[in-house]
Amino acid sequence: MTETLQNTQAEIIEGLKEILKRPAQLDATTNIVRDLQLDSLVVMDFIMSLEDRFEIVIPLDRVAEVETLGDLARVVDQLRGRN
Amino acid sequence: MSILSKFAPLRQTYDQLRSVGQNPFEMVFEDMLSSTEGIYRGKKTILLGTNNYLGLTFDEACIEESVAAVRAHGTGTTGSRIANGSYGTHRKLESDLAKYFNRQHCMVFSTGYQANLGMLSTLAGKGDYLLLDTDSHASIYDGARLGHAEVVRFRHNDPDDLRKRLKRLANEPGQKLVVVEGIYSMLGDTAPLREFAEVKREMGAWLMVDEAHSLGVLGEHGRGLAEEAGVEADCDFIVGTFSKSLGSVGGFCVSNVPEFDILRVACRPYMFTASLPPAVMASTITALRRMQEQPERRQRLHENAQRLYHGLRKLGFAVGPQCSPIVSVAVPEVPVAVEFWNRLLEGGVYLNLAMPPATPTPSPLLRSSVSAVHTPAQIDRAVQLFETVGRQLGVLPPAVAPARKRAPVASAIPAHAEVAMLASGGAR
Ligand SMILES: Cc1ncc(COP(=O)(O)O)c(C=O)c1O
């Protein structure tokens, strides 16, 4: 894992912990919808907050490929690289 | 393993809904008596959830013209305009709409849903960007999915959030098309269109407004939010539907963008489906005329909206942020909302039950839409019934004299019922 990917993932996990408001074991394999039981409105809001945090645009088709936190970190990391 | 096995969770939710009472997603009315009354299970029921804003579905002139058209031109066109050709009526409907909106071009579609599918998927191509409000209708999300543009969402009714996202895309070469709605169908709130128009101008984007719920409702001439906000010139494309204020079925897009007509041979949801039948076009043309001849309908619509919105608000119900002909009451829990909806129906008032994630917040909604032809007595009856049921279910605090105790609410429905996918907006 590259250093930026690692940082991205750490930041994403930190952001998620803020909205979860309960302790949770989060890593790259955590399934965002199934393991965290977040409804689609909360996930959408979280994705938009990541766009703001990293100053990127995450198109919907890229969101569709995301299942785990690791997937999400990779997508965000790639889009950050484009800036 | 059936090909339908994947729907097992949805099936479960659906069955649970049925077990509570009537299923809000499979209502059958035995008869329609007027634009505001139908017969449900043998009983006269006030229709308070049919988007029939101007009450034109039973207008004498619309019916007569429709009957004459079906006699003169038959029951259907049996094909698309590209394959079978257009009737003079298609052209007349388009030119009447273009004239009404003061635009050069108009294309009509077989539904409003298809108008959005067609316009979004065709206008924004590969390399372009579609910027959608998060609370957009399912037809807007689906249109975005059908096309090849990148799809980006901005926060609901937030022009600054849109600006921020457009800035991030400033160096991308593609065209940017922003899509907003005149009145949002779930809560009845309007878009801050002046501010959106400003952002659009500043950032060099295109702007489309879906006036599905605002045509005939907003603006001095009923042209919708763009007219009311005084920014028609900034709205490059207006889409809308005939299925609400105009009381029929079909959709349209009007525009002043040069060479708009090329879309007729590029837009698949226009090209590969049967065109509107003569009877529908005849009533729509007449309804468009009636709407202009009778601005008092709009006046009455707003009086009725005020009566319902303020009636419910005064009682303490959580209504939407703005008074409009769409009046929605948020109820904290799905099981309570389902029971509430059933008791309203038993009491003779039909409206819509909307559940998350089709709703903009996690709360389910009891969604009403008011018509110009509701009588004040019908509205009052609805408010009164809302109060009675609200107190029975503890959505409102008990009245001074405590209400009769009722059976507790079944809690069989999971809090985030997937049944919402059946209602509009299910794409989120
Ligand atoms: C905002 C919006 N756009 C489009 C549509 C689709 O209209 P139609 O019923 O003509 O398919 C609707 C209606 O449900 C709507 O609410």
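Everything discussed here concerns the structure shown above.
Description of the structure in this document.

Basis of the calculations
- Residues numbered from 1 in each chain as written.
- Chains lettered and ligands numbered in written order.
- Predicted model: local features only at pLDDT ≥ 70, side-chain atom pairs only at ≥ 80, totals over all residues.
- Heavy atoms only, no water.
- Helix = DSSP H or I, 4+ residues; strand = E, 2+ residues; numbered from the N terminus.
- Expected span 1.5 Å × (residues − 1).
- Buried < 20%, exposed > 50% of the residue type's maximum accessible area, 1.4 Å probe, protein only.
- Contact = heavy atoms within 4.5 Å.
- Core = buried A, V, L, I, M, F, W, Y, C linked by side-chain atoms within 4.5 Å.
- Domains from an automatic or database assignment.
- Patch = residues over 30% accessible without salt bridge, like charges linked within 9 Å, V, L, I, M, F, W, Y side chains within 5 Å.
- Areas by Shrake-Rupley, 256 points an atom, 1.4 Å probe, with all protein chains shown as cover.
- Salt bridge = Lys/Arg side-chain N within 4 Å of Asp/Glu carboxyl O.
- Near = heavy atom within 4 Å.
- Nonpolar A, V, L, I, M, F, W, Y, C, P; charged D, E, K, R; others polar.
- Buried area = accessible area lost by both parts, 1.4 Å probe.
- Phe/Tyr/Trp six-rings, centres within 6.5 Å; stacked < 30°, edge-to-face > 60°.
- Polar contact = N/O pair within 3.5 Å; in protein donor to acceptor, adjacent residues only side chain to side chain.

1. With respect to helix α4 (residues 88-100) of chain B
All names here are of chain B. With 13 residues, α4 should cover 18 Å at 1.5 Å per step; its first-to-last C-alpha distance of 18 Å lies within 8% of that length. Along α4, the residues that are buried comprise T89, H90, L93, E94, L97, A98 and Y100. On its buried side, α4 packs onto α2 (60-73), α3 (81-84), β4 (105-109), β10 (251-255), α10 (268-271) and α11 (278-293). At the exit of α4 stands N102, carrying a positive phi of roughly 55°.

2. Here's the deal with the nonpolar core
Nonpolar side chains in soluble globular proteins generally cluster together in the buried interior. All names here are of chain B. Membership of the largest hydrophobic core comes to 92 residues, with the highest contact counts inside it found for L97, V180, L193 and F252. Looking at this core, the element that brings in the most residues is helix α13 (residues 334-346), giving 8 residues. Two domains each put at least three residues into this core: domain 1 (10-47 + 296-398 + 413-422) and domain 2 (60-293). If you look at the next biggest cluster of nonpolar residues, it comprises 25 residues, including M208, V239, L263 and Y270.

3. Brief notes about a nonpolar patch on the surface
All names here are of chain B. Together, I3, L4 and F7 give the surface a local cluster of nonpolar side chains, amounting to about 340 Å² of exposed area. With respect to the element layout, F7 can be found in the segment before α1 (8-20). Relative accessible area serves as the criterion here: at 41%, F7 is assigned to the partly exposed category.

4. Focus: the site of the ligand
All names here are of chain B. Around the ligand there are 15 residues in total, and G112, D210, H213, T241 and K244 lie nearest to it. Coverage of the ligand by the protein amounts to 84% of the 390 Å² it exposes when considered alone. Looking at the shell around the ligand, the element that brings in the most residues is helix α5 (residues 112-123), giving 3 residues. Here the shell around the ligand is composed, by residue class, of 2 nonpolar, 10 polar and 3 charged.

5. Some points on the interface of chain A and chain B
If you look at the interface, chain A gives 17 residues, while chain B gives 22 residues. The largest contributions to the chain A side of the interface with chain B come from L41, M48 and L60 of chain A, which together make up 35% of the buried area. Elements with a minimum of two residues in the side of chain A that touches chain B: α2 (40-54) and α3 (60-64) of chain A. Here the side of chain A that touches chain B gets 8 residues from one element, more than from any other, and that element is α2 of chain A. Classifying every residue of the side of chain A that touches chain B by side-chain character gives 8 nonpolar, 2 polar and 7 charged.

6. Considering the packing of aromatic side chains
All names here are of chain B. In total, this model carries 12 aromatic pairs over all chains according to the counting rule given. Pairing Y100 with F101 gives two aromatic rings, centres 5.0 Å apart and planes at 75°, and the pair type is edge-to-face. For the pair Y100 and F101, a shared accessibility class is recorded, and that class is buried. Aromatic pair F317 and F386: ring centres 5.4 Å apart, planes at 75°, arrangement edge-to-face. Residue F317 is located in the loop between α12 (295-315) and β11 (318-319), and its partner F386 is located in helix α14 (residues 376-392); the two are separated by 69 residues in the primary sequence. For the residue pair F317 and F386, the accessibility class agrees, reading buried in each case. Aromatic ring contacts, followed pair by pair, group Y100, F101, F242 and F252 into a single cluster.

7. Describing the side chain of S110 of chain B
Residue and element names in this part refer to chain B. Inspection of the secondary structure puts S110 in the loop between β4 and α5. On the accessibility criterion, S110 (15% relative accessible area) is buried. Separated by 2.6 Å, the side chain of S110 and the backbone oxygen of A274 make a polar contact. Not counting residues up to four positions away in its chain, the partners in contact with S110 are V249, G250, G251, T273, A274, S275 and L276.

Scope: geometric values only; no functional claims are made or implied.
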